[in-house]
Amino acid sequence: MSKDELLNRKYELLLELQGCLEDLEEIDNVYSHKTESLDIIKNSQEIIAWIEKYEEICERASSVYQVIYLLYSTHMKDSDCEKLYNLCKKKIEKVRLYNEKIKRFFTLQLDEKIKEAMKRTSYKKYKYYIEKIYLEKQHTVSKDMENILSQVKVYAMKAAGELYSQITNRYKYSININGKTKKLSFPEIVPLFKDTNRNIRKSAKQGFIDRYKQDDWLITNIYNNMVQCNNIQRQIKRFKSPISIKNSENNIEDYIVKMAIEIITDYNGLVQNYYDWKSKILGYKMEHWDTTASLKKLQERYSIKEAEEILLETFYQFDNEFGNIAKAFFVEKRIDSSITDDKRKGAFCFSALPDYKPYISVNFNGKVEDVITLAHELGHGIHKTFCSRENYLNYSPSLVISETAAGFCELLVIDRLNNYLYEEDKNKLLITKLENFILPIFTMNLITRFEINAHKEIVKNGFLSFEELCELYIKEWNRVYGDSVHLSKEVYYYWMIYPHIFKDPFYMYSYSLANMLSVAVYYLNMQRGKNFVKKYKELLSSGCNNSTPNLLSIIGIEMADKKFWDDIFTTLKNEFFKKIIK
């Protein structure tokens, strides 16, 4: 459907959302006057009926959101699309508020009714959904307080992240090339970070950072306000620490995340060793704009059709069903590979509910990295397709498992790309694999540690200045890079460029864990072959019907075992770092 056709339907779409809100409000009103009673629901069968009705309404709302979001993501500079998206988003946020109400609603039920419901066959598909609500019982607050927190989350915390996006999405970056000043968009400037010409890399990185620096006061205030809003939620809902909120969303216990962060930090020396080696190869002391320098640039270029052939060969070799799912994305034209200023920055795969097929957006330039990015997003798409066997409330997997599935597909495709390279280019691809997949484990851990300290200090002191936030960032940067990269002034400002810390606190650690888990999945597949594939598809088909550690145990991964994480780093040292640093 075209943009104009969708805009002509905007009132119809918004009316559908309004109808969802009215239906939810009607259900809520039935019980609202009894919410302090433990005898709200008559029997266990009514519990199941209540959940099914709630789920059906949420599916309707999500179907509207998917249509409007995909329209906006490809027309972000169109004022009509932006207005429609913002109207939709406000209504969707109200729909999401009812999720908190239903959680509180069930925590007030007698355990006997829940136990009785668990015996019913129709309960099984909601088993973990209700169990998780009970696990979070300690974070339940009164109805009035829940309403206040919901408003804080929507109109303060989420608004702060949205403001950051609205500001930075419109940035144009000034760079100097051969004495001429150019203004570039985000998709245009990012490839220059890896340019073989050092002066171009320097100009691109400095121009990029300088644009953020111009708004340092505003960005600092946005961040402080977001942190304070997050802390209000943490205190009132009795979470142990700011990161505990994200751990709960990821269905992972605090101690597992803390252990993983500490283990990654223990291996920071691998990063320093690599950049010491890279400095010797380049022949000069590394600056921050050199960390992304292409040592031996892969000259191969791929058309989108050639990329499709490589990807489908890869997935069909792994599993026939994987191949069929991936092929459908191309055949049904569910991949937007165009490059326009109007598109959302970066790549994504989007699907809001089981009945709607996933859609992929990438900026495809034909580089090896673009083929790998498309593999990553197809990994998400394949995963979402398997998840569609679950019901709506179990459909969306935790971020950690979602990114593990995508990362695994990256690694499969990188292996396949080796078949298309001359022998001397294979080492170049290994370096690409290390810099684009392994080193980000440490970078994202750096950001997570910065967030932990920033949240702590802002809550303690009430506010941190731009300079104070820069100092916190540099402290963690030094842990990772040490003396291997020269510390120039621009590095202090890097904390401003990571959008997730403004929109979704502690989001980044999920990628650190997922990249390590992807490596583990990759080597489990190599060891077990076809016996592994069946179990892996069982994991992908589970959505979020259990905790993250329990789901990963399906394929033999024990997240709570410190030795498991240490073994991953042993593999990384032997299979990546030692093969490159000779």
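Residues numbered from 1 in each chain as written. Predicted model: local features only at pLDDT ≥ 70, side-chain atom pairs only at ≥ 80, totals over all residues. Heavy atoms only, no water.

Participant: I'm lost on the overall build of the protein in this one. Help?
Facilitator: Looking only at helices and strands, the protein has 24 helices and 5 strands in total. A burial count over the protein gives 58% of its 582 residues as buried. In the protein, of all internal contacts separated by at least 6 residues, the share reaching a separation of at least 24 is 76%. On the protein, roughly 25,600 Å² of surface is accessible, and the fraction owed to carbon and sulfur atoms is 50%. (Helix = DSSP H or I, 4+ residues; strand = E, 2+ residues; numbered from the N terminus. Buried < 20%, exposed > 50% of the residue type's maximum accessible area, 1.4 Å probe, protein only. Contact = heavy atoms within 4.5 Å. Areas by Shrake-Rupley, 256 points an atom, 1.4 Å probe, with all protein chains shown as cover.)

Participant: What am I meant to see in the sheet that holds strand S4 (residues 348–350) here?
Facilitator: What holds strands together in a sheet is hydrogen bonding between their backbones, with the strands either parallel or antiparallel. Strand order in the open sheet formed by 3 strands is S3-S5-S4, with mixed pairing between adjacent strands. In the strand order of this sheet, the two ends are held by strand S3 (335–336) and S4, each with one partner. Summarising the sheet, S3 and strand S5 (residues 359–361) pair through 2 bridges and their orientation is parallel. Within the sheet, the bridge partner assigned to Ile 335 lies in S5 and is Ile 360. (Pairing = 2+ DSSP bridges.)

Participant: Explain empty space enclosed by the protein here, please?
Facilitator: Vacant regions in the atomic arrangement are exposed by a probe of water-molecule size rolled over the atoms. Inspection of every chain in the model, using the stated rule, returns 4 cavities of 30 Å³ or more. What the largest cavity holds in volume is close to 250 Å³. Around the largest cavity sit 20 residues that line it, and Lys 77, Asn 169, Arg 170, Asp 341 and Lys 343 are the ones nearest its centre. Of all elements in the fold, only helix H7 (143–168) and helix H8 (186–189) reach the threshold of two or more residues within the lining of the largest cavity. With 3 residues, H7 is the largest single contributor of residues to the lining of the largest cavity. Its residues placed into classes, the lining of the largest cavity shows 6 nonpolar, 6 polar and 8 charged. (1 Å grid on protein atoms, 1.4 Å probe; cavity = no way out; pocket = protein on both sides within 12 Å on 5 of 7 lines; lining within 4 Å. Points joined across faces, edges and corners; volume = space filled by probe spheres on them. Nonpolar A, V, L, I, M, F, W, Y, C, P; charged D, E, K, R; others polar.)

Participant: I would appreciate a short explanation of the confidence of the model for the protein in the present structure.
Facilitator: A low pLDDT means the predicted coordinates there should not be read in detail. For the protein, the average pLDDT comes to 86, and 90% of its residues sit at 70 or higher. The least confident element of the protein is helix H5 (residues 111–118), whose mean pLDDT is 60; the most confident is helix H19 (residues 466–481), at 97. Predicted confidence for residues 34–40 stays below pLDDT 50, and this span has 16 contacts to residues more than four positions away or in other chains. (pLDDT = per-residue confidence, 0-100.)

Participant: When you look at the pairing of strand S2 (residues 180–184) in this model, what are you seeing that I'm missing?
Facilitator: Consecutive residues of a regular strand have side chains that alternate between opposite faces of the sheet. Inspection of the sheet shows strand S1 (residues 173–177) paired to S2 by 5 bridges, in the antiparallel sense. The partner of Tyr 173 across the bridge, within S2, is Leu 184. With antiparallel pairing between neighbouring strands as the criterion, S1 and S2 make up a hairpin whose turn holds 2 residues, including Asn 178 at a positive phi of roughly 55°.

Participant: So what exactly am I meant to see when it comes to the packing of helix H21 (residues 509–528) against helix H24 (residues 562–580) here?
Facilitator: What describes two packed helices is the angle between their axes and the distance between those same axes. As a packed pair, H21 and H24 sit with axes 10 Å apart at the nearest point and diverge in direction by 75°. In this view, H21 runs roughly perpendicular relative to H24, as classed from their interaxial angle. Facing H21, whose interface residues are Leu 513, Met 516, Leu 517, Val 519, Ala 520 and Tyr 523, H24 presents Phe 564, Trp 565, Ile 568, Phe 569, Thr 571, Leu 572, Glu 575 and Phe 576. In terms of residue class, the contact of H21 with H24 is built from 12 nonpolar, 1 polar and 1 charged. (Axes fitted to C-alpha atoms, helices over the stretch in contact; angles between N-to-C directions. Parallel < 35°, antiparallel > 145°, perpendicular 65-115°, else oblique.)

Participant: Got a minute to help me understand H19 in this structure?
Facilitator: It helps to recall that an α-helix has 3.6 residues per turn; residues three or four apart then point in one direction. The end-to-end C-alpha distance of H19, which contains 16 residues, comes to 22 Å, matching closely the 22 Å that a straight helix rising 1.5 Å per residue would cover. Along H19, the residues that are buried comprise Phe 466, Leu 469, Cys 470, Leu 472, Tyr 473, Ile 474, Glu 476, Trp 477, Val 480 and Tyr 481. Along its buried surface, H19 packs onto helix H9 (198–213), helix H10 (216–236), helix H13 (269–282) and helix H18 (423–461). One or two residues past the end of H19 sits Gly 482, with phi positive at roughly 55°. (Expected span 1.5 Å × (residues − 1).)

Participant: Hey, could you run me through the pattern of salt bridges in this one?
Facilitator: Side-chain pairs of opposite charge can arise whenever the charged atoms involved come near each other. In total, this model carries 26 salt bridges according to the counting rule given. Between Lys 194 and Glu 369 there is a salt bridge, with its nearest N and O atoms 4.0 Å apart. Separated by 175 residues along the polypeptide, Lys 194 in the loop between H8 and H9 and Glu 369 in helix H16 (residues 368–387) bring together distant segments of the chain. For Glu 476, the salt bridge is made with Arg 449, and the minimal N-O distance between the two is 2.7 Å. Linking Glu 476 in helix H19 with Arg 449 in helix H18, this pair joins segments that are 27 residues apart in sequence. Each member of the pair Glu 476 and Arg 449 is classed as buried. Connected through shared salt-bridge partners, Asp 319, Glu 321, Arg 389 and Lys 537 make up one network. (Salt bridge = Lys/Arg side-chain N within 4 Å of Asp/Glu carboxyl O.)

Participant: Even after reading the chapter, I still don't get the packing of aromatic side chains, so can you show me in this structure?
Facilitator: Both the distance between ring centres and the angle between the ring planes are used here to describe each pair of aromatic rings. Per the counting criterion, the structure on display carries 38 aromatic pairs. Here the aromatic rings of Tyr 173 and Phe 208 are separated by 4.9 Å at their centres, their planes lie at 40°, and the arrangement is tilted. Taken as a pair, Tyr 173 in strand S1 and Phe 208 in helix H9 lie far apart in primary sequence, 35 residues in all. Among the residues examined, Tyr 173 registers a relative accessible area of 0% and is labelled buried. Judged by centre distance (5.0 Å) and plane angle (70°), the rings of Phe 564 and Trp 565 are edge-to-face. One exposure class covers both Phe 564 and Trp 565, and it is buried. Members of the aromatic cluster, connected to one another through ring pairs, are Tyr 164, Tyr 223, Phe 450, Phe 466, Tyr 473, Tyr 493, Trp 495 and Phe 502. In this arrangement the basic side chain of Lys 205 is found over the ring face of Phe 193, its NZ or CZ atom lying 5.3 Å from the centre. When the ring centre of Tyr 493 is taken as reference, the NZ or CZ atom of Lys 213 above it lies at 5.4 Å. (Phe/Tyr/Trp six-rings, centres within 6.5 Å; stacked < 30°, edge-to-face > 60°. Lys NZ or Arg CZ within 6 Å of the ring centre and 35° of its normal.)

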